[in-house]
Structures are given as structure tokens and as C-alpha cells.
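What follows is the residue order along each chain.
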Amino acid sequence: AQSVTQLDSHVSVSEGTPVLLRCNYSSSYSPSLFWYVQHPNKGLQLLLKYTSAATLVKGINGFEAEFKKSETSFHLTKPSAHMSDAAEYFCVVSDRGYGNKLVFGAGTILRVKS
Amino acid sequence: EAQVTQNPRYLITVTGKKLTVTCSQNMNHEYMSWYRQDPGLGLRQIYYSMNVEVTDKGDVPEGYKVSRKEKRNFPLILESPSPNQTSLYFCASSFGSGGWNEQYFGPGTRLTVT
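Note that the structure is a prediction, hence the values are computed from the model and not measured. (Residues numbered from 1 in each chain as written. Chains lettered and ligands numbered in written order. Predicted model: local features only at pLDDT ≥ 70, side-chain atom pairs only at ≥ 80, totals over all residues. Heavy atoms only, no water.)

Asker: Could you clarify how one ought to interpret the sheet that holds strand E8 (residues 76–78) of chain B in this entry?
Answerer: Hydrogen bonding along the main chain pairs the strands of a sheet, whether they run parallel or antiparallel. Strand order in the open sheet made by the four strands is E1-E3-E8-E7 (chain B), with antiparallel pairing throughout. Two strands in the sheet have a free side with no partner beyond their single neighbour: strand E1 (4–7) and strand E7 (65–66) of chain B. (Pairing = 2+ DSSP bridges. Helix = DSSP H or I, 4+ residues; strand = E, 2+ residues; numbered from the N terminus.)

Asker: Explanation requested: the side chain of Glu88(A) in the structure shown.
Answerer: Topologically, Glu88(A) is positioned in strand E10 (residues 87–95). Despite its burial, Glu88(A) pairs with no opposite charge, the nearest such side chain being Arg110(B) at 9.0 Å. Glu88(A) has contacts with Tyr36(A), Val37(A), Gln38(A), Ala106(A), Gly107(A), Thr108(A), Ile109(A) and Gln37(B), leaving out every residue within four places of it along the chain. (Buried < 20%, exposed > 50% of the residue type's maximum accessible area, 1.4 Å probe, protein only. Lys, Arg positive; Asp, Glu negative; His and termini not counted. Salt bridge = Lys/Arg side-chain N within 4 Å of Asp/Glu carboxyl O. Contact = heavy atoms within 4.5 Å.)

Asker: Would you take a moment to explain the packing of aromatic side chains for this structure?
Answerer: When we look at a pair of aromatic rings, we describe it by the centre distance and by the angle of the planes. Residues and elements named next belong to chain B. Applying the stated rule across the entire model yields 14 aromatic pairs over all chains. Between Tyr64 and Tyr89, the aromatic rings sit 5.9 Å apart at their centres with planes inclined by 65°, giving edge-to-face as the arrangement. Separated by 25 residues along the polypeptide, Tyr64 in the loop between strand E6 (54–57) and E7 and Tyr89 in strand E9 (residues 87–94) bring together distant segments of the chain. Judged by relative accessible area, which is 5%, Tyr64 ranks as buried. Their ring planes at 80° and their centres at 6.5 Å tell us that Phe90 and Phe105 sit as a pair that is edge-to-face. Within this pair, whereas Phe90 is found in strand E9, its partner Phe105 is found in strand E10 (residues 104–105), the two being separated by 15 residues in sequence. Assigned by exposure class, Phe90 and Phe105 land together as buried. (Phe/Tyr/Trp six-rings, centres within 6.5 Å; stacked < 30°, edge-to-face > 60°.)

Asker: Got a minute to help me understand the nonpolar core in this structure?
Answerer: Among soluble globular proteins, nonpolar side chains are generally buried collectively. In this structure, Trp35(A), Leu48(A), Phe74(A), Leu76(A) and Tyr89(A) are the most contacted members of the largest nonpolar core, which totals 27 residues. For Tyr89(A), the contacting residues outside a window of four places in its chain are Gln6(A), Leu21(A), Trp35(A), Tyr36(A), Val37(A), Leu47(A), Phe63(A), Leu76(A), Gly107(A), Thr108(A) and Leu110(A). (Core = buried A, V, L, I, M, F, W, Y, C linked by side-chain atoms within 4.5 Å.)

Asker: Can you help me understand unusual backbone geometry in this one?
Answerer: For residues other than glycine, phi is negative in most cases, and the peptide bonds are mostly trans. The omega torsion of the bond from Asn7(B) to Pro8(B) falls at -5°, within 30 degrees of zero and hence cis. As for its placement among the helices and strands, Pro8(B) is situated in the loop between E1 and strand E2 (10–13). Despite not being glycine, Asn61(A) has its phi angle at roughly 60°, a positive value. Within the secondary structure, Asn61(A) is located in the loop between strand E7 (56–58) and strand E8 (64–68). Not every positive phi belongs to a glycine, and Asn28(B) is a case in point at roughly 60°. Its location among the elements puts Asn28(B) in the loop between strand E3 (19–25) and strand E4 (31–38).

Asker: What's the story with the environment of His82(A) in this structure? I'm lost.
Answerer: All names here are of chain A. Turning to its location among the elements, His82 is positioned in the loop between strand E9 (73–78) and E10. On the basis of relative accessibility, which here comes to 43%, the residue His82 falls in the partly exposed class. Setting aside chain neighbours within four positions, we find His82 in contact with Glu15 and Val112. Polar contacts involving the side chain of His82 include one to the side chain of Ser84, which spans 2.9 Å. (Polar contact = N/O pair within 3.5 Å; in protein donor to acceptor, adjacent residues only side chain to side chain.)

Written as C-alpha cells, this is what we have:
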């Protein structure tokens, strides 16, 4: 069975400093991994996805994530936070098989201080 | 514009009064799914559909029904809503059912059952 653990429920950074949102996953199969972002009162937007190509994945708005199979991690990073990055972020795992079921982490709320 | 639409966006109802939340996509996607979002739990899958007339239960199907009579529409039906179904609901669709497919999310429906 798949599962996702987001290690921090809240992260607070200052504008212009790096962002690190941590995610560990468990999957019986070769997983696909995603990061979605949800701004207040908005739907979910895909930031980036890993589907077995390059282990370092670049996404939108300067975010990237590195798939580390040995550590079962898929942490999200950004070199320099912007005020508009304040949102809730979800790490998501899906197995490659039939069903396209997404398993979501509990979410990490990112606060960006000016 | 490619999109997933949901209606209504906000709904307040009373216990036991049947309701339907509509979901429609204009991308000719085969796969559609419903999720509910509750604080601290991320999103959990309610039902999904691989194609027309093919539906199956997700992780939290109790109290919900779905149908898929047309490829573009996937309504969520609450026959007898209860207060524990107060939640934020998202419909999503993807091109195929493989786990590597990006899912596109609707804007969400906030349901309150009193």
C-alpha cells in the first residue's frame, strides 16, 4: 500500500531565503510522485512530477524536487522564496498500475514573511 | 480553455436532503475522480471512473454515489447527507488511468451539512 508523510505541517521562511518542504513516501511499486500547490480558496495546481526519468525534477515558479529512492524521499525546494509562494503544498504518490489512484500527504502550509 | 468545472461552488444544506454536485471536463479525458479534503488529512479519494459506465470505490465511498453516463460528466450524489460529509470536494480528470498521468482538478465545492 502507498502512503505519504509530509514531515512538517507548517514551514515559515523569510522572503528571499530557501524553501525546503520534506516528503517521504512508501510504495510497493515504482511510484510516480507529484507536488501540488493550493493557494487560499483555490483549486490544486501541479507544480512538478516524477515519473522515472531524471531524478531531479524542475517545476513551475522555480521549484524543484529530487527523487531519492534509497531514502524514499521527494523533498521540494526553491532557492529563494517569494511572497506569492505562501500556500499549502501537497506531496502525492501514485503507483504505475491500473487505477491512477493518488494518495495525498496531509499538506504543508508555507508561510513567507516579509 | 481546457478545464474541469464543478457546480455549485458553495452549498449549505440540511441533513437528509438529497443533493448532487456536478463535474464536467472538456478535455476528452477517460479518467475522472472525486476527492474530499479535510484539514490535516489531505485529499482522500471517494470514487473514480475509468470510462463511461465504469466506476469504482475509492478510500471513503460511504454515503456517496456516482454515475458516468457521458464521458465528460461525473456527478457526485449524496442521497442522505449527514454533518460528517461537511467538507471541500474536488473533481479531477486525466487522460488515462495510468499512475503517471497528471490529474486536472476543478475549483472545488464547499459543502456544509447542518
